[in-house]
Amino acid sequence: MSGAVKELSMEEFKGLIGQVVDEKLAPLTKVDRKYGAFPGVNEEELDKLAWAEKFKIFLRALVRGQVDVCTQLQSSWANASQIKQMAEGTDAAGGFLVPEEFRAEVIRIIPKYGVFRRLARVIPMNTDTLRIPRQTATVSVSWPGEAKKGTGSKPTLGQVLLNSKTMVGLCSYSLEFLADAGLPVIQYLQTIFAEEFGGEEDAQAFTGTGVPFVGVFNASGVNVYQMATGNTAIANLTIDDLIKASDKVSEDVDEGSIYLFHKAALSVLRQQKVGTTYALAPASQGVPGTIVGMPWYTSKKLPSAPALNTAFAIYGNFSYAFLGDREQMTIAVTREGTIGTDNLFEQNMAGLRITERIAIDIAVPSAFTVIKTAAS
């Protein structure tokens, strides 16, 4: 071999090298050539990587427009049939589903930031809308007496309509930040995704006004307990208020019910006693705390300083509230356009868009009571 090479002229040697290079580059797309991406990631090696390392490879390939690499990575996650292919060389033309392993990690962390997903009944949706029958009134019985006709009755049925909507998160980063993403960056992205998605689920489920979902505060048929005249702030909340609010809910749904309020209420409730015992027991090692025997949770999406005649806390059973899970998270990257004040092209930045489709419905409003400040 070495002897044969020695007999070649310099021009012949260059031609031989060029031929070998051309053969190696032939399978590559234009995008691969532009960004130096070489497909053929070893799937056995991929299987050995942790989810964060896989997502790091996926994110870098997505930012660089390496479609073949994204496709192969998605195939290794058994999501190939769900891939939305980007047009060759055009970053903004489409998106890829977030790898299932990463999405699972995000969903796992969401309960740390979002109370609703932790407490609600999560229902998979295979279509844009899902109708679930519910009973709105039960049957009745009678005592007609001997040889007398009984009184007939039948249950009244209604429907819960889960109508999915798309939630979109937009953010901009420098190209260097995304292209050089390491493990700490992936963990950072995981956390902020969970915070924002979980936080918005809470906001819609608790205080939503109908755009796009109606939350507990505004659902028709929810019980209302209003604090006595003069009690216009969280500082006026008492144990008696909590008990009276729970009394408005049928005993049929008491098992599994919880109290929910902003953290600002904790300092007020911690100081109150039933007899000589403090009423509030703190949460410990993942186990929720209790107050007057019922679990309590906090959400920063509830009011911390409500105005007059304003709902600020909830008592109820969230198994009677539904969260429809319609479509997995999808991620797309663009280098053109403007996000906020960031001109992506001019500032050498990339725009990251995360979407997810969910539905929220307070299926049985009577299973909840909202606590309101006094009107005056």
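What you are looking at is a predicted structure, and each value in this text was computed from that prediction instead of being measured. (Residues numbered from 1 in each chain as written. Predicted model: local features only at pLDDT ≥ 70, side-chain atom pairs only at ≥ 80, totals over all residues. Heavy atoms only, no water.)

A. The overall build of the protein chain, seen in detail. For the protein chain, the count of helices and strands is 12 helices and 18 strands. In the protein chain, 75% of the contacts between residues at least 6 apart in sequence involve partners at least 24 apart. Of the roughly 20,000 Å² that the protein chain leaves accessible, carbon and sulfur atoms contribute 52%. (Helix = DSSP H or I, 4+ residues; strand = E, 2+ residues; numbered from the N terminus. Contact = heavy atoms within 4.5 Å. Areas by Shrake-Rupley, 256 points an atom, 1.4 Å probe, with all protein chains shown as cover.)

B. Representation of the pattern of salt bridges. Throughout the structure, instances matching the rule amount to 5 salt bridges. Ionic pairing is found between arginine 117 and glutamate 201, a salt bridge with its closest N-O pair at 2.9 Å. With a gap of 84 residues between them, arginine 117 in helix α8 (residues 115-119) and glutamate 201 in helix α10 (residues 183-207) connect regions that are remote in the sequence. Given the relative accessible area of 1%, glutamate 201 is considered buried. Across the pair aspartate 128 and arginine 357 runs a salt bridge whose closest N-O atoms are separated by 2.7 Å. Remark: arginine 357 occurs in strand β17 (residues 349-362) and aspartate 128 occurs in the loop between β2 (121-124) and β3 (129-137); sequence separation between them is 229 residues. Judged by relative accessible area, which is 18%, arginine 357 ranks as buried. (Salt bridge = Lys/Arg side-chain N within 4 Å of Asp/Glu carboxyl O. Buried < 20%, exposed > 50% of the residue type's maximum accessible area, 1.4 Å probe, protein only.)

C. Structural detail: the environment of lysine 301. Its place among the elements puts lysine 301 in the loop between β12 (294-298) and β13 (311-316). On the accessibility criterion, lysine 301 (34% relative accessible area) is partly exposed. With 98 residues separating them in the primary sequence, lysine 301 and alanine 203 have C-alpha atoms 5.5 Å apart. Beyond its immediate chain neighbours, meaning those up to four positions away, lysine 301 contacts Gly199, Asp202, Ala203 and Thr207.

D. A nonpolar patch on the surface, seen in detail. On the surface, a nonpolar cluster with roughly 210 Å² of combined accessible area is contributed by Ile243, Val274 and Val292. Mapping valine 274 onto the fold places it in strand β8 (residues 273-274). (Patch = residues over 30% accessible without salt bridge, like charges linked within 9 Å, V, L, I, M, F, W, Y side chains within 5 Å.)

E. Layout of the sheet that holds strand β11 (residues 289-291). Spatially, β6-β18-β13-β7-β12-β11-β10 is the arrangement adopted by the 7 strands of the open sheet, whose pairing is mixed. Of all the strands in the sheet, just β6 (223-226) and β10 (280-281) have a single pairing partner and so form its edges. (Pairing = 2+ DSSP bridges.)

F. Examining the side chain of glutamine 272 more closely. Note that glutamine 272 resides in the loop between α12 (266-269) and β8. Glutamine 272 sits in the buried class, given a relative accessible area of 17%. A distance of 2.9 Å separates the side chain of glutamine 272 from the backbone nitrogen of isoleucine 239, its partner in a polar contact. (Polar contact = N/O pair within 3.5 Å; in protein donor to acceptor, adjacent residues only side chain to side chain.)

G. Examining the packing of aromatic side chains more closely. Evaluation of the coordinates by the stated rule reveals 6 aromatic pairs. When the centroid spacing of 6.3 Å and the interplanar angle of 90° are considered together, the rings of phenylalanine 116 and phenylalanine 206 count as edge-to-face. Separated by 90 residues along the polypeptide, phenylalanine 116 in helix α8 and phenylalanine 206 in helix α10 bring together distant segments of the chain. On the basis of relative accessibility, which here comes to 0%, the residue phenylalanine 206 falls in the buried class. Seen from their ring centres, phenylalanine 206 and phenylalanine 318 are 5.8 Å apart, and the 75° between their planes marks the pair as edge-to-face. Taken as a pair, phenylalanine 206 in helix α10 and phenylalanine 318 in the loop between β13 and β14 (321-334) lie far apart in primary sequence, 112 residues in all. As far as the burial class goes, phenylalanine 206 and phenylalanine 318 line up, both buried. In textbook terms, an aromatic cluster arises when at least three aromatic residues are bridged by ring pairs, as seen for Phe116, Phe206, Phe318 and Phe368. Its guanidinium or amino end placed over the ring of tyrosine 278, lysine 273 lies 4.7 Å from that ring's centre, counting from NZ or CZ. (Phe/Tyr/Trp six-rings, centres within 6.5 Å; stacked < 30°, edge-to-face > 60°. Lys NZ or Arg CZ within 6 Å of the ring centre and 35° of its normal.)

H. Quick peek at the confidence of the model for the protein chain. In this model, the protein chain carries an average pLDDT of 79, and 71% of its residues clear a pLDDT of 70 or more. This stretch, residues 29-40, has a pLDDT under 50; its non-local contacts, to residues over four places away or in other chains, come to 28 contacts. Confidence drops under pLDDT 50 across residues 78-94; counting only partners more than four residues distant or on other chains, this segment forms 34 contacts. (pLDDT = per-residue confidence, 0-100.)

I. A look at unusual backbone geometry. With an omega of 5°, the peptide bond running from valine 211 to proline 212 counts as cis. Looking at the element boundaries, proline 212 is found in the loop between α10 and β6. A positive phi angle, close to 45°, is found at valine 292, a residue other than glycine. The phi torsion at asparagine 348 lies on the positive side, around 55°, for a residue other than glycine. Structurally, asparagine 348 is set in the loop between β16 (342-343) and β17.

J. Inspection of the side chain of histidine 262 at higher detail. Structurally, histidine 262 is set in the loop between β7 (258-261) and α12. Residue class for histidine 262 comes out buried when judged on its relative accessible area of 17%. Engagement of the side chain of histidine 262 in a polar contact is seen with the backbone nitrogen of alanine 264, the distance being 2.9 Å. If we skip the residues at most four places from it in the chain, histidine 262 touches Thr298, Ser299, Lys300, Leu302, Pro303 and Ser304.

K. Summary view of the environment of methionine 349. Checked against the element boundaries, methionine 349 lands in strand β17. Not counting residues within four places of it along the chain, the set of residues in contact with methionine 349 comprises Ser172, Tyr173, Ser174, Leu175, Thr334, Arg335, Asp342 and Leu344.

L. Representation of helix α11 (residues 239-247) in the model. Within α11 the residues assigned to the buried category are Ile239, Asp241, Leu242, Ala245 and Ser246. Seen along its axis, α11 keeps its buried residues to an arc of 160°; they face one direction. The outward face of α11, more than 90 degrees from its buried face, is lined by the exposed residues Asp240 and Asp247. (Arc of directions from axis to C-beta.)

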